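# Reading the structure
Each chain is listed here by its residues.
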Amino acid sequence: MSTINANHCRQDFVRLLRNSLGKPSDLESLDLIKAEEKRMTESPDNGKNGVSRRSFITAGAALTAMTALPVKAAWEPSLRYPDPAVEILDPAFLDYRLFNASVERLATGFRWLEGPVWFGDGRYLVASDIANNRLIRWDETTGTASTFRSPSNYANGNTRDNRGRLITCEGSIGRRVTRTEYNGQITVLADNYQGKPFNSPNDVVCTENGDIWFTDPPFQLGNNYEGRIVEQELPAALYRIAASSGEIEKILDDIAGPNGLAFSSDESRFFIVEGRAKPNRILWQFDHADGKLSGKKKLIEADNFGALDGFAVDIHGNIWAGWGSSGSPDGNPEALDGVRVFDPTGKAIGHIHLPERCANVCFGGAMGNRLFMASSHSLYAIFVNSQGLGFA
């Protein structure tokens, strides 16, 4: 067998392989390194004749596999129709499932993806990669993702106002709600209530009259991963910014960990997630009129260790909710992770299974019939036989 003759080739080669070993599961590569080290120490010439060509080629291939970016990770789309990832929990969901539409992974490599919002006029989506402290943009025309804004002040929820401008909940640093103007300038809409800074503005929605509603839980106050550790000065609450005056009004402060929120199509009903309800997360429904809420009613409870997060309402009144495991050791992430679909009465009718917990969703695409799912490390999408509000 021919050899690559270099006095220190073997030592350098083994060192390179060991330094490049990305994770303990690279067992084949680890075995290769150990074999090379053993052969080097046991060979009569103490390895002076260099690395065998076979070992060099084999190890080189292993090194390439280790250092390549895992674009698809361990997930591949189903080639079968209907997609087995789309589960029918009630026959009513058949009206909204498209037989020949599959779950697609559009982009991956994020740390905690949240707050998707669709810009149809530019054919792109903006979402928050919270732990990476940036907003990302996924472009429909090219199918690529890029950085939209960095740093983002650990932005979380996003929406658009009645003039199409981006409204963002900045969950840390400034802890504020901002608007991005057409020229890219950032306008602060709210950063305190009665002189005290907000906790970590989380999710946001606009009403037809231009009012902006947002939730303010303490979620991003407790670690330096999704924000910065600071003292909480206000109770968790739901707020409204009046379009006419800019005045900030506290609407509710009796919801433990207020999270996702939305209105019905006619704005007669308001929905909000209680993210720290015990023992399970709850989605509450209220009657709404003239900026006031009444008639609190439990609509959905995330039992069986489920985690209800951000959600979107379609033109039929169905709720498409980001879903996953609560993190309990008794939970089953493989069964829970994805999007759970409920009819207007709160009955679960369908589930879109994903390999990651889904934090939030939005509708988009030219017809508003494409559901985008912001899910931990990745952005997914699927076409459905319904439309988000504002598209019909």
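None of these values were measured; they are calculated from a predicted model.

### Side note on unusual backbone geometry
Note that the residue after S150, namely P151, is joined by a cis bond; omega there is -5 degrees. Along the chain, P151 falls in the loop between β7 (144-149) and β8 (155-160). Unusually for a residue other than glycine, E267 sits at a positive phi of about 60 degrees. Take E267: it is sitting in the loop between β18 (258-263) and β19 (269-274). Since its relative accessible area comes to 19%, E267 is described here as buried. Located in the positive-phi region is D290, a residue other than glycine, with phi close to 55 degrees. As for its placement among the helices and strands, D290 is situated in the loop between β20 (282-289) and β21 (292-301).

### Comments concerning the packing of aromatic side chains
Evaluation of the coordinates by the stated rule reveals 16 aromatic pairs. With 5.9 Å between their ring centres and 55 degrees between their planes, W138 and F372 make a pair best called tilted. Residue W138 is found in strand β6 (residues 134-139), and its partner F372 is found in strand β27 (residues 370-383); the two are separated by 234 residues along the sequence. Across the pair, exposure class does not vary: W138 and F372 are buried alike. Both rings, one in F198 and one in Y239, keep their centres 5.1 Å apart while their planes meet at 65 degrees; by these two values the pair is edge-to-face. Separated by 41 residues along the polypeptide, F198 in the loop between β13 (196-197) and β14 (204-206) and Y239 in strand β16 (residues 237-241) bring together distant segments of the chain.

### Some remarks on the confidence of the model for the protein chain
Predicted confidence across the protein chain gives a mean pLDDT of 87, with 81% of residues reaching 70 or more. Scored below 50 in pLDDT, residues 12-33 shows 30 contacts in the model against residues more than four places distant or in partner chains.

### With respect to the environment of G157
Position of G157 relative to the elements: it lies in strand β8. Sequence separation between G157 and G171 is 14 residues; the distance between their C-alpha atoms is 8.6 Å. Beyond its immediate chain neighbours, meaning those up to four positions away, G157 contacts G115, I167, T168, C169, N202, D203 and V204.

### A few points about the sheet that holds β16
With respect to topology, four strands assemble into an open sheet ordered β14-β15-β16-β17, the strand pairing being antiparallel. Two strands close off the open sheet at either side, each with one partner strand: β14 and β17 (248-252). Ignoring strand direction, the axes of neighbouring strands in this sheet form an average angle of 25 degrees. Of the pairings in the sheet, the one linking β16 to β17 comprises four bridges and is antiparallel in character. If you follow Y239 over to β17, its bridge partner there is K250.

Reading guide: rules and limits
- Residues numbered from 1 in each chain as written.
- Predicted model: local features only at pLDDT ≥ 70, side-chain atom pairs only at ≥ 80, totals over all residues.
- Heavy atoms only, no water.
- Helix = DSSP H or I, 4+ residues; strand = E, 2+ residues; numbered from the N terminus.
- Buried < 20%, exposed > 50% of the residue type's maximum accessible area, 1.4 Å probe, protein only.
- Phe/Tyr/Trp six-rings, centres within 6.5 Å; stacked < 30°, edge-to-face > 60°.
- pLDDT = per-residue confidence, 0-100.
- Contact = heavy atoms within 4.5 Å.
- Pairing = 2+ DSSP bridges.
- Axes fitted to C-alpha atoms, helices over the stretch in contact; angles between N-to-C directions.

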